[in-house]
Structure formats: C-alpha cells, structure tokens
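Geometric and topological summary
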Amino acid sequence: MRSMKKMTFLLLILLSSNLIFAQSLMIYKTDQTSMSFDLSEIDSITFSVTALSKTLDLSGWKCLTIEPVTKEIRPATGVLEEVAEGLKIFGSGNQITNSIHLASVSDNPITDKSVYLKWKMEDMGNLMSVVIDLYTDTTNWTDGCRITNFTTGYSTEGQSVISNDTWYFTRITVTTNTAVSTTSTDDYDIDGGVVIQESLINLSEPVKTFTFGAKANPASYLLLGEVRIE
C-alpha cells in the first residue's frame, strides 16, 4: 500500500513538472498539416473523433470497367455524374461491370478500418447487379475479392434481392486477414438498421481499396450518397 502511494506521488510530480515546463501544444491533423497552441492561453481541452467522410465530387473518384476487361472511363453524362444526392453511376450492359473507386488510394487506406457506404439504385425495369469488391492490386485491378452481391428481380447464387429507391447502408470492416460486410436498411446495422445481408471473406494479403459498381442496362443507375472511412 505504501509503495502504491509513493508511485502515485511520483506520477503527480512528473505530470506537474511537464505542465510547468510545457510551452506549446502541437496538433497534427489528418490532412498532414499541423497547428500549434500556446498553453498559457488555453483553459481546457476537449478531445473528439470525427469520421473521415469522403467528398462525393468527380475530382475525388475514378470510374473503371472491370469486367470483361479493365479500363478507365472518363466521367460524362450517362456514365458518372455528380448530382445533389451524391455520385450517380450508370450501367454499360448486363455483361459489363462499371465501378468507381477513390482517386487517391494511398491516402485512404482501409486495412484495420471500417468503410461506410450509403447507396440506392434504380433498375428502370431491367435486371441489375450491385457489387462491392476489395483490391490488393490497384495497378492492374486484377483478382478483386467480392464482399457483397445484390440483384433486382430474382436471386441466383445467394444474391440478396434489393428494391428501387431504397437507401441501403453497408459497413465493411477490414483487417489484414479478413473482411466482414453487413448491409441493412433504415440505417447502419450498429445504429439500429435492419440487416439484409452479412458476409465474411478471408484475405490472402492486405487490401488497399474498394470499388462500388454494377452490371446494368445503360438506363439503370446507382446513387452513392455517403462514404466514410474510420
């Protein structure tokens, strides 16, 4: 008991001395900038964590065709558009997957993080598949791991059937070895949403990023309304 009191006393002395001699506080922000504060002008400090939301404008995203061949597509009307609710991704045909990914992959690592996606779709009366893939190779965009698989109309091979003009909330938690995806309606699953699909995949190596897209008729489209990485 006496040794515990002595340890507590020494810690208090150490903390007090640090406060006496400290002159400034340096804050390093997520955008790689920093701010310095004079501690003599501060009477309290409040810590908070802000979700790393990604801006949904065309400058922050790139569009790819990943099936049957991989190639970059320039944003254009009827291909990839910026609208009031977010990003609008159109189909190119039922045998072609059009997907988007963050333009700056290295600045947005997803391993040991959770990715939050809010999205909805409109199939315009045509069969449509919505997919999210994880990638380790962001040069050739090969060997993507499919973490979700949704469809309209009817289900095949375990796909979950989704409806037009309904917001879906997908949360993907990525570690070095696994990725777990949970998709729900009304809200994210951890915030009370109604779960419609859960999936887990094992990863052979750490993934770098994700793509979000669809196989769909050119009249059909996806709408990405929110992206967070935290």
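Structural notes, computed from the coordinates. (Residues numbered from 1 in each chain as written. Predicted model: local features only at pLDDT ≥ 70, side-chain atom pairs only at ≥ 80, totals over all residues. Heavy atoms only, no water.)

Another aspect to go through is the pattern of salt bridges. Under the counting rule described, the total for this entry stands at 6 salt bridges. Across the pair arginine 228 and glutamate 230 runs a salt bridge whose closest N-O atoms are separated by 3.4 Å. Overall, arginine 228 belongs to the buried group, its relative accessible area being 15%. Accessibility expressed as a relative area gives 39% for glutamate 230, which makes it partly exposed. Taken together, the shared-partner salt bridges in this structure form one network comprising Glu85, Lys120 and Asp165. (Salt bridge = Lys/Arg side-chain N within 4 Å of Asp/Glu carboxyl O. Buried < 20%, exposed > 50% of the residue type's maximum accessible area, 1.4 Å probe, protein only.)

Further remarks concern the pairing of strand β7 (residues 86–90). Burial within β7 is extensive, with 5 of its 5 residues counted as buried. Relative to β7, strand β6 (residues 80–83) runs antiparallel, the two sharing 4 bridges. Bridging from a neighbouring strand, glutamate 82 pairs with leucine 87 of β7. Following β6, the chain reverses through 2 residues before pairing antiparallel with β7. Where β7 lies against strand β17 (residues 221–229), 4 bridges are found, and the strand directions are antiparallel. Each residue of the ladder has a partner; that of lysine 88, found in β17, is leucine 223. (Helix = DSSP H or I, 4+ residues; strand = E, 2+ residues; numbered from the N terminus. Pairing = 2+ DSSP bridges.)

With that settled, consider the sheet that holds strand β8 (residues 93–102). The strand order β5-β4-β8-β16-β10-β11-β12 describes an open sheet built from 7 strands, whose pairing is mixed. With partners counted over all chains shown, the strands left at the sheet margins are β5 (71–73) and β12 (160–161), one partner each.

In the structure shown here, the tally under the stated rule is 8 aromatic pairs. Consider the rings of phenylalanine 90 and tyrosine 221, whose centres lie 5.8 Å apart with planes at 55 degrees: the pair is tilted. Separated by 131 residues along the polypeptide, phenylalanine 90 in strand β7 and tyrosine 221 in strand β17 bring together distant segments of the chain. On the basis of relative accessibility, which here comes to 11%, the residue phenylalanine 90 falls in the buried class. A ring pair is formed by tyrosine 116 and tyrosine 188, whose centres lie 5.1 Å apart and whose planes are at 90 degrees; its orientation type is edge-to-face. Pair noted here: tyrosine 116 is in strand β9 (residues 113–122) and tyrosine 188 is in the loop between β14 (178–185) and β15 (194–202), with a separation of 72 residues, a long-range link. (Phe/Tyr/Trp six-rings, centres within 6.5 Å; stacked < 30°, edge-to-face > 60°.)

As far as function goes, none of this settles anything; it's purely spatial.
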